[in-house]
Amino acid sequence: MSDSMALADWLARIESQHPVSIDLGLERVAEVARRMGLTDSPIAERVVSVAGTNGKGSTVALLEALARAHGLSTATYTSPHLLRYNERLRLDGIEASDALLVAGFERVETARLAPEPISLTYFEVGTLAAFWAIAERHPQMAILEIGLGGRLDAVNVVDPDVAIITTVAQDHAAFLGTDIEIIGREKAGILRAARPAVLGSRHLPASVYRRALELGAGTHALGRDFWHVPQATGWQEGDGNWRWEGRDGEGNALTLEALPDPRLPLDNAASALQALALAGTTLDGEACRQAFEGVRLPGRMQWLGQWCLDVAHNPQAAHYLAARLAERPRSGRRVALFGMLDDKDAGAVIDALAAQVDGWVAVSLEGERGRDATQLAALLESHGQTVLHRAAAPRAGAEWLAATLETNDEALVCGSFLTVADVLDWYDSRESDVSPETASIPRRKS
């Protein structure tokens, strides 16, 4: 553990020290957390954990914006990152510094080696380092995104005061299986006895409700206990267009009027409001409006000129993306730059987006789970889609597409965090030089 080790060195080290990249289970990570003192007391005054197949990132971003607008000190832990590992940990809205992350890695390394060495995955080391950094600050609210599943995810070593489950759908089949009821029970593993649970979808499997009942967790379900209601048609930017109704922790009815569109799913915005109320914050209408007007989340319906970047990588997310695109008037072509990992249901994603796409650029993704552009192009054509180009990497596809787009055309970049990250990095590099520090950090995303 040299004092001279930089963040890039640490990331390379922790990526290679465990035999597999994903190793679900809490026994090893819980023991190291105990050695670090992270289980002795809460890491924040209030902890909110967010699990789900889709919508976790936007729910975390919305809740962070709402909490900060209400004057709370905050910490958020999310994964994966797009361009910088530092994105994963935010303190009061600011990405963690290299020095803080390195200090966290050093604390984890010391604890995992003694008295008996314990091997940890890349994600587990990063999670414990983030928890140490959060505990050092002890903010008024920590918002934690579950990485994969729920019950056995490393983030679940910390007990939440409020748990949010956004959606349950099939994804990560190799680890969670394909049975929605089993997946739902895994997601419900973040629930705690006698603590509130915000259920942020109208279509959660029965296993989620059964687990909440077994624990005596107080459920607050979208469409039953809280709602978002449109207030106007023909909404334009700056106009209030929806109302939220819910309840506080004492069961008192709450209403917020004329809320602006946060440009993220309203199910998730409504869930974030309900969670904040259950965490003991008195909701202020003006603070909520300020939060929704200012929230931004890279890689989720992110428009950069003609380019739309969205990390949708499963059928449920693709259907939502298609619905949002259908609302957008256009006069030119929409070409999708598309790269997906081999363990994802690319065929179902293609079908969900097909009506909104006029042509496709298939790109290869690297790594053991990567899917080759030629293979992806063949799948696209088997689904009746027009493949305009094949590229060895997302940025190579972006270079080709940028040279062919007409003035009224749009480019849709989707299929994977890896696809969006590479194109976003390419796009940013056209605007300014990439710093050596950023360029040197490994691009591991899981």
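Just so you know, these numbers come straight off a predicted model, no measurement behind them. Each chain has its residues counted from 1, running along the sequence as written. The predicted nature of this model means local features are confined to residues of pLDDT at least 70 and side-chain atom pairs, given and counted, to a pLDDT of 80 or more, with totals for whole chains, interfaces and linings taken over all residues. Hydrogens and water molecules were not included; the side-chain quantities draw on all heavy atoms of the structure.

Peer 1: Talk me through the pattern of salt bridges; I want residue IDs and the actual numbers.
Peer 2: Between side chains of opposite charge, a pair can form as their charged atoms come close. Salt bridge criterion: a side-chain nitrogen from Lys or Arg within 4 Å of a carboxyl oxygen from Asp or Glu. Under the definition given, this model contains 28 salt bridges. Arg330 is the salt-bridge partner of Asp358, the closest N and O atoms lying 2.8 Å from each other. Placement of the pair is Asp358 in the loop between helix 12 (346-353) and strand 15 (359-363) and Arg330 in the loop between helix 11 (315-326) and strand 14 (334-338), with a sequence separation of 28 residues. Residue Asp358 is classed as partly exposed on the basis of its relative accessible area, which comes to 41%. Only protein chains enter the accessibility calculation, which uses a 1.4 Å probe; a residue whose area is less than 20% of its type maximum is buried, one above 50% is exposed, and one in between is partly exposed. Among the residues examined, Arg330 registers a relative accessible area of 32% and is labelled partly exposed. Here Arg371 ties to Asp342 by a salt bridge, and the two come within 3.9 Å at their closest N and O atoms. Of this pair, Arg371 sits in the loop between strand 15 and helix 13 (373-382) while Asp342 is found in the loop between strand 14 and helix 12, placing the two residues 29 residues apart along the sequence. Here a helix means four or more residues in a row that DSSP labels H or I, a strand means two or more in a row labelled E, and each is numbered from the N terminus.

Peer 1: Give a description of the sheet that holds strand 6 (residues 162-165) that names residues and reports values.
Peer 2: Read from one edge to the other, the open sheet built from eight strands follows the order 4-3-2-5-1-6-7-8, with strand pairing classed as mixed. Either end of the sheet is taken by a strand with one partner, and the two such strands are strand 4 (94-95) and strand 8 (219-221). Pairing between strand 2 (residues 74-77) and strand 5 (residues 141-145): four bridges, direction parallel. Note that in strand 5 the partner of Thr76 across the bridge is Ile143. Contact criterion: two residues are considered in contact whenever any of their non-hydrogen atoms come within 4.5 Å of each other. Each axis is a line fitted through C-alpha atoms, taken for helices only over the stretch in contact, and angles between the N-to-C directions span 0 to 180 degrees. Sheet contacts for helix 3 (residues 56-69): strand 1 (46-51), strand 2, strand 3 (89-91), strand 5 and strand 6; angle to strand 5, the most-contacted strand, approximately 170°. Only strands joined by at least two bridges in the DSSP assignment are considered to pair.

Peer 1: Account for the packing of aromatic side chains, with residues named and values stated.
Peer 2: Geometry of an aromatic ring pair is reported as the spacing of the ring centres plus the angle between the planes. Classification of ring pairs rests on two measures: the distance between centres of Phe, Tyr or Trp rings, Trp counted by its six-membered ring, which must be within 6.5 Å, and the angle between planes, read as stacked under 30 degrees, edge-to-face over 60 and tilted in between. According to the stated counting rule, one finds nine aromatic pairs in the structure shown. Considering the side-chain rings of Trp426 and Tyr427, the 6.3 Å spacing of their centres and the 70° angle between planes classify their relative orientation as edge-to-face. Exposure class is identical for Trp426 and Tyr427. Each is buried. Counting as a charge over the ring demands two things of the Lys NZ or Arg CZ atom: a distance within 6 Å of the ring centre and an angle within 35 degrees of the ring normal. Sitting over the ring of Trp303, Arg328 keeps its end group 3.6 Å from the ring centre.

Purely geometric stuff here, so don't read any function into it on its own.
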